[in-house]
Amino acid sequence: MHTIDRISQLRSHLWQAKLEHKKIAFVPTMGNLHEGHLQLIDRALEESDLVVASIFVNPLQFGPGEDFNGYPRTFMSDQEKLMSRGCHVLFAPSVGEMYPTTNLSLTLVSVPHLDSLLCGKSRPGHFTGVATVVTKLLGIVQPDVAIFGLKDYQQFLVIQQMTDDLCLPVNIIGAPIARAETGLALSSRNGYLSAEELDRAAQLYACLVSCRMALEAGETDLLKLEEVAQCKLETIGFKRDYFKICRQNDLQAPTLDDNQLVIVAAAYLGKARLIDNIRFTLTCRV
Ligand code: PAF
């Protein structure tokens, strides 16, 4: 595996592959890699001839008081994991390489109708930071496909919308959420939890599952279901952020005719802000 930290070097390195019409898959990450990230690499290997991963903790997507400085940085072990999983190129630029001006980015990319909802409400500016850095990374790597985990479902929709609207020639693929045996979605931020909190954290997924079951059993009072779940999470020790039943395509409240649903949740536990979701098709409504 080649590790490259300069944009110009990455471009020259990928030039030959592009001349040979090799299919390039890209997996952007912020490092501190877990099995969920490595499954994105597996998917990228299935989709392409050459896999490029990036590790870049993007300051533009962290708000004031958020965990940019404390975000776990585990470069050496990440590099080993990527190498042993079969990744071909690791792009690991510095902040100065990605944002040469002192203002971070002079051009911002935003997807206003999606980026102010849900996580965008509690983390203003977050999705503009994500959309901007992903646009830059896609411009640098110019992959045929890019793979994103569906745990960050809102992020996935923002990126899909942004690439469609800007006519970026890349196919965006969403990969299934990797979970621990308890059901807890794998996340770098799980590292902020104590062993006891990790056990409790699994209840976030359990609440999503019971909400889905209630909908499948014919419950139509969505606000009641959302409130029941929030109260249950608070009883377990979570601090509430949101728990919402939405339409899959635009995260708006579903009407009775919508059956492609996603239940999205974010909640604080100890030092961590955890997010999770389940997507499903509601087959019968009574
Ligand atoms: O999901 C992430 O790890 C980040 O938001 C991403 C897509 C790598 C952009 O910094």
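Check the entry above for the structure.
Now for a quick tour of the structure. Being a predicted model, the structure only gives us computed values, none of them experimental.

### So, the overall build of the protein chain
Argument step 1. A tally of regular secondary structure across the protein chain gives 10 helices and nine strands.
Argument step 2. Relative to the globule expectation of 19 Å for 286 residues, the C-alpha radius of gyration of the protein chain, 19 Å, shows essentially globular dimensions.
Argument step 3. Taken along the three principal axes of its C-alpha coordinates, the protein chain extends 60 × 40 × 35 Å.
Argument step 4. Across the 286 residues in the protein chain, those meeting the buried criterion constitute 51%.
Argument step 5. Considering only intrachain contacts with a sequence separation of at least 6, the fraction spanning at least 24 residues in the protein chain is 72%.
Argument step 6. Put simply, the protein chain shows about 13500 Å² of open surface, and 53% of that area lies on carbon and sulfur atoms.
Argument step 7. Side chains of the protein chain carry 27 positive and 32 negative charges; the gap between the two charge centres is 3 Å.

### A closer look at the site of the ligand
Argument step 1. Every residue near the ligand is listed here: P28, T29, M30, Q61, V130, V133, F148 and Q155.
Argument step 2. The contact in question runs from an oxygen atom of the ligand to an N or O atom on the side chain of Q61, over 2.6 Å.
Argument step 3. Summarising the interface, the protein chains cover 87% of the accessible area of the ligand, which totals 290 Å² for the free molecule.
Argument step 4. In terms of residue class, the shell around the ligand is made up of five nonpolar, three polar and no charged.

### Regarding the sheet that holds strand 3 (residues 50-55)
Argument step 1. Taken in spatial order, the six strands line up as 1-4-3-2-5-6 in an open sheet, and their pairing is parallel. The open sheet terminates on both sides in strands that have one partner only, identified here as strand 1 (2-4) and strand 6 (171-175). Pairs of neighbouring strands in the sheet enclose a mean axial angle of 25 degrees, with direction left out of account.
Argument step 2. Taken together, the five bridges between strand 5 (residues 145-149) and strand 6 define a ladder with parallel strand orientation. In the sheet register, F148 faces strand 6, and the bridge partner there is G174.

### Here's the deal with helix 3 (residues 75-85)
Argument step 1. Among the residues of helix 3, those classed as buried are D78, Q79 and L82. On an axial view of helix 3, the arc spanned by its buried residues comes to 100 degrees, and they lie on one face. What points out from helix 3, more than 90 degrees from its buried face, is the exposed set M76, E80 and S84.
Argument step 2. Looking at the buried positions of helix 3, the neighbouring elements they touch are strand 1, helix 2 (35-47), strand 3 and strand 4 (89-91).
Argument step 3. Just downstream of helix 3 lies G86, where phi reads positive at about 105 degrees.

Cut-off values and rules
Throughout, a residue's number is its position along its own chain's written sequence, starting from 1. A pLDDT threshold of at least 70 governs which residues receive local features in this predicted model, and a stricter bar of 80 or more applies before side-chain atom pairs are shown or counted, although totals over entire chains, interfaces and linings include all residues. Hydrogens and water are ignored here; the side-chain numbers use all heavy atoms of the structure. Here a helix means four or more residues in a row that DSSP labels H or I, a strand means two or more in a row labelled E, and each is numbered from the N terminus. To get the radius of gyration, use the C-alpha atoms; to get the globule rule, take the number of residues to the power 0.38 and multiply by 2.2 Å. Under the scheme applied here, a residue whose accessible area is under 20% of the maximum for its type counts as buried, over 50% as exposed, and between as partly exposed, the area being computed with a 1.4 Å probe on protein chains only. Any two residues whose heavy atoms approach within 4.5 Å at even a single point are treated as in contact. For accessible areas, the Shrake-Rupley method is used with a probe of radius 1.4 Å. Any residue's cover is judged against the shown protein chains and nothing else. His is not counted, nor are the chain ends; Lys and Arg add positive charge and Asp and Glu add negative charge. In plain terms, the charge of a residue is placed at NZ if it is Lys, CZ if Arg, CG if Asp and CD if Glu. Proximity is defined per residue: if any heavy atom of the residue lies within 4 Å of a molecule or strand, that residue is considered near it. Polar contact criterion, stated in full: a pair of N or O atoms within 3.5 Å, where within protein one must be able to donate a hydrogen and the other to accept it, and residues adjacent in sequence count only if both atoms are side-chain atoms. By the convention adopted, Pro, Cys, Tyr, Trp, Phe, Met, Ile, Leu, Val and Ala count as nonpolar, Lys, Arg, Asp and Glu as charged, and the other residues, Gly among them, as polar. Strand pairing is assigned whenever DSSP identifies at least 2 bridges connecting the two strands. In this description, a line fitted to the C-alpha atoms serves as the axis of each element, helices being fitted only across the stretch in contact, and the angle between N-to-C directions of two axes falls anywhere from 0 to 180 degrees. To be clear, the arc concerns the directions from the helix axis to the C-beta atoms.

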